[in-house]
Amino acid sequence: MALTSKDRIGVVGAGAMGRGIAAVAARAGHEVYLFDMDAASALAAPGLISAEWQVLVDRGKWTDAEQDAACARLHPVSTLAELADAALVIEAIVELAEPKQALFRALEAVLSESAILASNTSSISITTLARGLVHPQRCAGLHFFNPATKMKLVEVISGLGTDPAVVDLLCDTVRAWGKLPVRAQSTPGFIVNRVARPYYAEGLRTLAEAAAQPEVIDTLLRRAGGFPMGPFELMDLIGNDVNFAVTSSVFAAMYNDGRFQPSLQQQERVAAGWMGRKTGRGFYDYRDQAARSEPPALARQAAPHKVRVVGDLGIAEPLLHRLMQAGLAVERQAAQGIGYLILAGELRLALTDGRTATVRASETGHPNWVLFDLAQDYISTSHLALCVSDQAATGALEQAAGLLQVAGITILPIDDIAGMVVMRTMAMLANEAADAVLFDIASAADVDLAMRYGTNYPVGPLAWADGFGAARLAQVLEALHRHYGESRYRISPLIRRRAAAGRRLHA
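Residues numbered from 1 in each chain as written. Predicted model: local features only at pLDDT ≥ 70, side-chain atom pairs only at ≥ 80, totals over all residues. Heavy atoms only, no water.

**What to know about the overall build of the protein**
Consideration 1: Across its full length, the protein carries 20 helices and 15 strands.
Consideration 2: Here the C-alpha radius of gyration of the protein, 26 Å, is about what a compact globule of 507 residues would show, namely 23 Å.
Consideration 3: Seen along its three principal axes, the alpha-carbon backbone of the protein occupies a region of about 80 × 50 × 40 Å.
Consideration 4: For the protein, the proportion of its 507 residues judged to be buried stands at 55%. (Helix = DSSP H or I, 4+ residues; strand = E, 2+ residues; numbered from the N terminus. Rg over C-alpha atoms; globule rule 2.2 N^0.38 Å. Buried < 20%, exposed > 50% of the residue type's maximum accessible area, 1.4 Å probe, protein only.)

Here it is as structure tokens:
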């Protein structure tokens, strides 16, 4: 059962997040009381919120009367004692454990025993924040995403002592506020900030190995992967200092697990003061409104007249439809296992399976291997990456590019790196998501909802894994682990188990 409009809501912290949360609660009909140590910030908050609401009025989505009524429900206060009859108090103060703990102890002294204390923390343990409280069972996490007025997702986090009934009430309340709640256990990064780490980490690792530049990686993840922003664009938007701090915090909290190791590439930019958009430089240059050009694509190559397909291309089968629509003759040859294409001169073109093209050439005894990267949708993708084995004959890359260019695909060549760009990113996201389920941090459904609505991913990583196939995903991850020999690339036991059973990860 959700809190009703008769229940008062307290918000402590009148910064951007606190104002956003207050706006959500007031719009839902609650009387909202805002406190900030800086009294001027609390006094200014209603006016700033009203200015944001004016946009809704101007667009005809809200009436003047609705705006006026909601504004009248916003009350700045100058002492915590004025929150005494609040049913729920949400803190949105500095992201440090000690100030939050001190605030909760002070609030517990003035609130009723039935009042709920909630933290908007993005990464601090709820169990830690509840330590020292007389009633730790009423402490939980309510992690809104920025901007709180627009982002639907809210992580509802249980500490070790949190009463399940409190979590139920918070989920119902958040849902009544028009938001999408997902349940998580208190663990470093919760769902989103934990599962999203590979999105940045694999891009940074690819850059560190000089396999591709940021503009190439970003373009591939947007145009082929379907993500709204590439990792380097996103880190520059968030701020490299903020993103690096979150990664470092999760790394430390996970006892330096290699899965979450921060990047020296990002650390150097933080050391240089290149934080991203807010400082004018990050992975890109934003000074003087510098325009970013498209990454250099491979020039148009001669197109073959026909291609032979050995076996089944699996998720890449739609490529053949595009090639045939373009007038290319396609011959089929039955074979076991995931297939590949053969062009003139015995050049073999295949979807990456996690191995490098060079290793594939060595293991098969065929030197001329070119690999193409994963795409979310091979029917519509406009870009693909290609890499070529070190043993391949001169012109192998250009020959393979000519084939795909027939289908209207822009080719971005990259160095021969294990798993390429989109494949390794999606595989590692799915791997981390599987571990979140394995360790009972959240359900498979909530993990996918969190990643879709908290980060705007085109598909939940576990839903993608089910479409790709747990057995094939396991092969990709095993190949990455063999290649690097690092704990970072260890396969989640849940994926191994589902692959062995032939079952879906959502099962």
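After that view of the structure, there is still more to cover.
**A short note on the sheet that holds strand β10 (residues 329-338)**
Consideration 1: Ordered in space as β10-β9-β11-β12-β13-β14-β15, the seven strands form an open sheet in which the pairing is mixed. Sheet topology places β10 and β15 (410-413) at the edges, where each strand pairs with a single neighbour. Within this sheet the neighbouring strands show an average axis-to-axis angle of 30°, counted without direction.
Consideration 2: Sheet topology places strand β12 (residues 347-351) next to strand β13 (residues 369-372); four bridges connect them, and they run parallel. (Pairing = 2+ DSSP bridges. Axes fitted to C-alpha atoms, helices over the stretch in contact; angles between N-to-C directions.)

**Some remarks on the nonpolar core**
Consideration 1: Counting 128 residues, the largest nonpolar core has Leu341, Leu349, Phe372, Leu386, Ile414 and Leu473 as the members making the most contacts within it.
Consideration 2: The dominant element in this core, judged by the number of residues it contributes, is helix α16 (residues 422-438), at 10 residues.
Consideration 3: Ignoring anything within four residues of it in the chain, the contact list for leucine 341 reads Val307, Arg308, Val309, Leu313, Leu320, Leu323, Leu347, Arg348, Leu349, Phe372 and Leu403.
Consideration 4: In terms of nonpolar packing, the next biggest core, distinct from the first, is built from 39 residues, Val11, Ala140, Val154 and Leu170 among them. (Core = buried A, V, L, I, M, F, W, Y, C linked by side-chain atoms within 4.5 Å. Contact = heavy atoms within 4.5 Å.)

**Focus on the packing of aromatic side chains**
Consideration 1: The tally for this structure, following the rule as stated, stands at 10 aromatic pairs.
Consideration 2: Taking the centre distance of 5.2 Å and the plane angle of 75° together, the rings of tryptophan 53 and tryptophan 62 count as edge-to-face.
Consideration 3: Exposure remark for tryptophan 53: the relative accessible area of 4% places this residue in the buried category.
Consideration 4: On the basis of relative accessible area, tryptophan 62 is assigned to the buried category, the value being 9%.
Consideration 5: Judged by centre distance (4.7 Å) and plane angle (40°), the rings of tyrosine 199 and phenylalanine 227 are tilted. Placement of the pair is tyrosine 199 in helix α8 (residues 197-208) and phenylalanine 227 in the loop between α9 (214-223) and α10 (231-238), with a sequence separation of 28 residues.
Consideration 6: Residue class for tyrosine 199 comes out buried when judged on its relative accessible area of 1%.
Consideration 7: Chaining the aromatic ring pairs together yields one cluster made of Tyr199, Tyr200, Phe227 and Tyr457. (Phe/Tyr/Trp six-rings, centres within 6.5 Å; stacked < 30°, edge-to-face > 60°.)

**Structural notes on the pattern of salt bridges**
Consideration 1: In total, this model carries 26 salt bridges according to the counting rule given.
Consideration 2: Across the salt bridge formed by glutamate 294 and arginine 223, the nearest N and O atoms sit 3.3 Å from each other. With a gap of 71 residues between them, glutamate 294 in the loop between α12 (264-272) and β9 (306-312) and arginine 223 in helix α9 connect regions that are remote in the sequence.
Consideration 3: Arginine 223 sits in the partly exposed class, given a relative accessible area of 33%.
Consideration 4: The closest approach of N and O atoms between aspartate 241 and lysine 278, which form a salt bridge, is 2.9 Å. A residue pair is termed long-range when its members are at least 10 positions apart, and aspartate 241 in helix α11 (residues 240-253) and lysine 278 in the loop between α12 and β9 qualify at 37 residues.
Consideration 5: The class for aspartate 241 is partly exposed, based on a relative accessible area of 25%.
Consideration 6: Overlapping salt bridges bring together Arg194, Arg259, Glu432 and Asp435 as one network. (Salt bridge = Lys/Arg side-chain N within 4 Å of Asp/Glu carboxyl O.)

**Let's talk about the sheet that holds strand β3 (residues 74-77)**
Consideration 1: Sheet architecture is open: eight strands sit in the order β3-β2-β1-β4-β5-β6-β7-β8, paired in mixed fashion. Strands with a single pairing partner mark the edges of an open sheet, and in this sheet they are β3 and β8 (180-185). For this sheet the average axis-to-axis angle between neighbouring strands, irrespective of direction, equals 25°.
Consideration 2: In terms of strand pairing, strand β7 (residues 153-158) meets β8 through six bridges, oriented parallel. Within β8, the position partnered with valine 156 by the bridge is arginine 183.
Consideration 3: Each of β4 (88-91), β5 (116-119), β6 (139-144), β7 and β8 touches helix α6 (residues 164-176); the most contacted strand, β8, lies at about 155° to it.

**Some thoughts on the packing of α8 against α16**
The relative placement of two packed helices comes down to the angle between their axes together with the axis-to-axis distance.
Consideration 1: Axis separation between α8 and α16 bottoms out at 9 Å; the angle between their running directions is 145°. Judged by the twist between their axes, the crossing of α8 over α16 is right-handed. Packed against α8, whose contacting residues are Pro198, Tyr199, Glu202, Arg205 and Thr206, the element α16 presents Arg424, Thr425, Met428, Leu429 and Glu432 at the interface.
Consideration 2: Class assignment of the residues belonging to the contact of α8 with α16 gives a composition of four nonpolar, two polar and four charged. (Left-handed = near helix turned anticlockwise from the far one by under 90°. Nonpolar A, V, L, I, M, F, W, Y, C, P; charged D, E, K, R; others polar.)

**Here's the deal with the pairing of strand β11 (residues 340-343)**
Consideration 1: A two-sided burial pattern is seen for β11, the buried positions comprising Tyr340 and Ile342 on one face and Leu341 and Leu343 on the other.
Consideration 2: Pairing between β11 and β12: three bridges, direction antiparallel. Looking across to β12, one finds that isoleucine 342 is bridged to arginine 348.

**Some thoughts on the environment of serine 122**
Consideration 1: One can find serine 122 in the loop between β5 and α5 (126-130).
Consideration 2: In contact with serine 122, other than residues within four places in its own chain, are Glu95, His143, Gly189, Phe190 and Asn193.

**Observations regarding the side chain of aspartate 448**
Consideration 1: Topologically, aspartate 448 is positioned in helix α17 (residues 444-455).
Consideration 2: One buried charge, aspartate 448, has no salt-bridge partner; the nearest side chain with opposite charge is arginine 452, at 7.7 Å.
Consideration 3: From its side chain, aspartate 448 meets the backbone nitrogen of leucine 462 in a polar contact 2.9 Å long.
Consideration 4: Not counting chain neighbours up to four residues away, the residues in contact with aspartate 448 comprise Gly460, Pro461, Leu462, Ala463 and His506. (Lys, Arg positive; Asp, Glu negative; His and termini not counted. Polar contact = N/O pair within 3.5 Å; in protein donor to acceptor, adjacent residues only side chain to side chain.)

**A closer look at the environment of methionine 254**
Consideration 1: With respect to the element layout, methionine 254 can be found in the loop between α11 and α12.
Consideration 2: Look at methionine 254 and you get buried, because its relative accessible area is 19%.
Consideration 3: Separated by 17 residues in the primary sequence, methionine 254 and leucine 237 have C-alpha atoms spaced 26 Å apart.
Consideration 4: Once you skip the residues sitting within four places of it in the chain, methionine 254 turns out to touch Pro188, Arg194 and Phe260.

All quantities given are derived from atomic positions and should not be read as evidence of function.
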